[in-house]
Amino acid sequence: MSISVFCRHDFGGFRLDAAFEIGAAGVTALFGPSGAGKTTVINAIAGLFVPREGRILMGPRTVLDTAANLSVPPRERRIGYVFQDAKLFPHMSVKDNLLFGWRRALQKADDSEIARVIDMLGLAHLLQRLPVKLSGGEKSRVALGRALLSSPELLLLDEPLAALDAARKAEILPYLERLRDESRIPMLYVSHMLDEVMRLADRMIVLKEGRVAAQGRVFDLAGSFVLADLTGISALSSVIETRIAEQRATDGLTILAFDGGEIAVPVLNRPVGARVRVRIRAEDVMLAREEPKAISANNVLKSIIAEIRNDDAGHADVRVACGDAHIIARITRASARRLELVPGAEVFAIIKSVIADPAAA
Amino acid sequence: MTFWFTPPELEALLLSLRVSLVAVSVALPLAILTATALAHRNFPGKALIDGAVYLPLVLPPVVMGYLLLLLFGTRGPVGAWLLETFDIRLVFSWKGAALASAIITFPFQVRAIRLSLEAIDSGLGDAAATLGAGRIDRFFNLTLPLALPGIVAGAITAFAASLGEFGAIITFVSNIPGETRTLPLAIYSALQSPGGEDAAMRLSLIAIALALIGVTLAEIADRRIRKMIGR
């Protein structure tokens, strides 16, 4: 089931005019700075806000069509919504919160599904508690479980990590990754944090000043300069999808394979064949014209220069193609000149450090 | 001074409790509806309704009683209809005293309930809607339980205030022993009769005790319920 969204609304000074599609499964990130209209868009999808003009299709179902004067109320849309600050019902136990939507669902998840969600989110020991007795991270997990158990056909997540500190974020992210890998429900994940998007999303839609500025696979967008141009974020990084090829326990290394070669990372406790998403910061990549010998870095990838961008601060951002993956290296302009780097030239990318986000088993 | 009540004094006390109990319970559902409308809806004439609800707080009770007499007297438009259709006569009856008390204390209930309704995060209603709850479902399972502290506090405050109502009652339903002579009216009557000071003192002490109990109960109930609903 694919979901198609179009909405247009004037807020006096701010105009929302967005149209995009969400795939049948996986995580689509709705990314953009604060005030780009992200929450308005998902409120329109959920039915909490009715735009002046809009048309939203969920597979064969039309849930909004302003031209036909049709707007299905939120409770009949079968869309799960995880709010930024959880919005748990304060007078109900965690268990009653979790089952609130389940009790009202047309097609109820069976007991084993309930047990699976409770287990996946680690909520078993919290069931009798009131929300006031939960930590921020626990609240987010309950909110996630509550939305999941209402058997939605689409899950909307509105910056579920924004209200959490770094430690709590690190606690929740693995749950979200598990959800992404285990669930067949398509998810629309709203965030203004590029890191989260890079880590979680398969596709991304970039919203800027109420309009869709770019959309595509995270790997493609991350490996290009589009995001940097749109967001002005200078901390570039690239994303590569890999699989575990080999566990080299004696060296304490896991070997990850992708189309452009192999990357060695400190041991990941996952079986061979498991999917691993790898992020590489542009600052962590050096370039060499000749294959470096006797070098401490484990990862040297043979690649072809695709594009070079100079910035005002004396940097040259070099995008290299390595198989079908793209890696961005940030070097100085002086080095680029000295090495005579030009598009089409063969270089060796020396990767000093890699961030690996293993998918759940 | 003896501390024992005479039968007429006891009668006044019990009558006061009955009048106030009926007044508060009849007005409560209406107060919840009014508070809900004022807190969450915008409709034409809202300001007028808002003002009318709070009018009894500032209007002299005697005026209130007089207006009631005009409306609900046996020849008044509503009073005549009630008498004809249901054989209900409010004038010179404890039911009339309850009606007067209900109207006079209505603002206390509406205000307390409205405040607690407005304190509820509207996002909770949105969350419930996305989880499949319709409007009535949300009202009974979300709004009402979360407004419970205000509802209980409002009811107890109204009850305590109702025990003290004097002007509207004496104007509307007069001062009939055993029928409309509530505690404040009994105190007034005692002071009017020679040698009634002892009785007035005893009854006044009771009134003070009841008021204190009411206010304390409201406080305790509020704290308990807040804990119960996790706020």
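Since this is a predicted model, take the numbers as computed values, not measurements.

## A short note on the layout of surface pockets
All names here are of chain B.
- The computed volume of the largest pocket comes to approximately 720 Å³.
- Considering the residues around the largest pocket, the lining is formed by 23 residues, among which His40, Arg41, Arg135, Arg138 and Thr143 are closest to the centre.
- Contributing elements (two or more residues each) for the lining of the largest pocket: α1 (7–40), α6 (122–130) and α7 (135–146).
- When residues in the lining of the largest pocket are grouped by element, the largest group, eight residues, is from α7.
- Residues of the lining of the largest pocket, tallied by class, amount to eleven nonpolar, six polar and six charged.
- One number sums up the size of the second largest pocket: a volume of about 460 Å³.
- Lining of the second largest pocket is provided by 19 residues; of these, Leu30, Leu99, Ala102, Ile103 and Phe106 occupy positions nearest its centre.

## Looking at a nonpolar patch on the surface
Residues and elements named next belong to chain B.
- A surface patch of nonpolar side chains, amounting to about 410 Å² of accessible area, comprises Val63, Tyr66, Leu67, Leu69 and Leu70.
- Structurally, the position occupied by Leu69 is in helix α3 (residues 61–72).
- Owing to a relative accessible area of 31%, Leu69 belongs among the partly exposed residues under this scheme.

## So, α3(B)
Residues and elements named next belong to chain B.
- For α3, built from twelve residues, the straight-helix expectation of 16 Å at 1.5 Å per residue is met to within 8% by its first-to-last C-alpha distance of 16 Å.
- By the burial criterion, the buried members of α3 are Met64, Gly65, Leu68 and Phe72. Angularly, the buried residues of α3 cover 95° about the axis, an arc narrow enough to put them on a single face.
- Considering only its buried residues, α3 is in contact with α2 (46–58), α4 (77–86), α5 (94–118) and α9 (167–173).

## Structural notes on unusual backbone geometry
- Unusually for a residue other than glycine, A:Lys87 sits at a positive phi of about 55°.
- Along the chain, the position of A:Lys87 falls in the loop between β7 (79–82) and α2 (94–104).
- A:Lys87 sits in the buried class, given a relative accessible area of 11%.
- For B:Phe92, which is not glycine, the phi torsion reads 60° and is therefore positive.
- Within the secondary structure layout, B:Phe92 lies in the loop between α4 and α5.

## Overview of the interface of chain B and chain A
- Chain B puts 22 residues into the contact, and the matching count from chain A is 21 residues.
- Taken over both partners, the interface formed by chain B and chain A buries close to 1,800 Å², and the fraction arising from carbon and sulfur atoms is 69%.
- Counting across the interface, chain B meets chain A through two salt bridges.
- Counting the contacts that link chain B with chain A gives four residue pairs in polar contact (both at pLDDT 80 or more).
- The set of elements that each furnish at least two residues to the side of chain B that touches chain A consists of α6, α7 and α11 (197–228) of chain B.

## Some details on the domain arrangement of chain A
All names here are of chain A.
- Domain assignment breaks chain A into domain 1 (3–236) and domain 2 (238–358).
- Inter-centroid distance (C-alpha atoms) of domain 1 to domain 2 is 32 Å.
- Between domain 1 and domain 2, the residue contacts involve 19 residues of the former and 19 residues of the latter.
- Counting each side, the surface lost to burial between domain 1 and domain 2 is near 1,600 Å², with a carbon and sulfur contribution of 51%.
- Among the residues domain 1 hides against domain 2, the three largest losses belong to Phe219, Phe225 and Leu236. Together they make up 44% of the total.
- On inspection of domain 1 and its partner domain 2, the count reaches three salt bridges.

Definitions and cut-offs
Residues numbered from 1 in each chain as written. Chains lettered and ligands numbered in written order. Predicted model: local features only at pLDDT ≥ 70, side-chain atom pairs only at ≥ 80, totals over all residues. Heavy atoms only, no water. 1 Å grid on protein atoms, 1.4 Å probe; cavity = no way out; pocket = protein on both sides within 12 Å on 5 of 7 lines; lining within 4 Å. Points joined across faces, edges and corners; volume = space filled by probe spheres on them. Helix = DSSP H or I, 4+ residues; strand = E, 2+ residues; numbered from the N terminus. Nonpolar A, V, L, I, M, F, W, Y, C, P; charged D, E, K, R; others polar. Patch = residues over 30% accessible without salt bridge, like charges linked within 9 Å, V, L, I, M, F, W, Y side chains within 5 Å. Areas by Shrake-Rupley, 256 points an atom, 1.4 Å probe, with all protein chains shown as cover. Salt bridge = Lys/Arg side-chain N within 4 Å of Asp/Glu carboxyl O. Buried < 20%, exposed > 50% of the residue type's maximum accessible area, 1.4 Å probe, protein only. Expected span 1.5 Å × (residues − 1). Arc of directions from axis to C-beta. Contact = heavy atoms within 4.5 Å. Buried area = accessible area lost by both parts, 1.4 Å probe. Polar contact = N/O pair within 3.5 Å; in protein donor to acceptor, adjacent residues only side chain to side chain. Domains from an automatic or database assignment.

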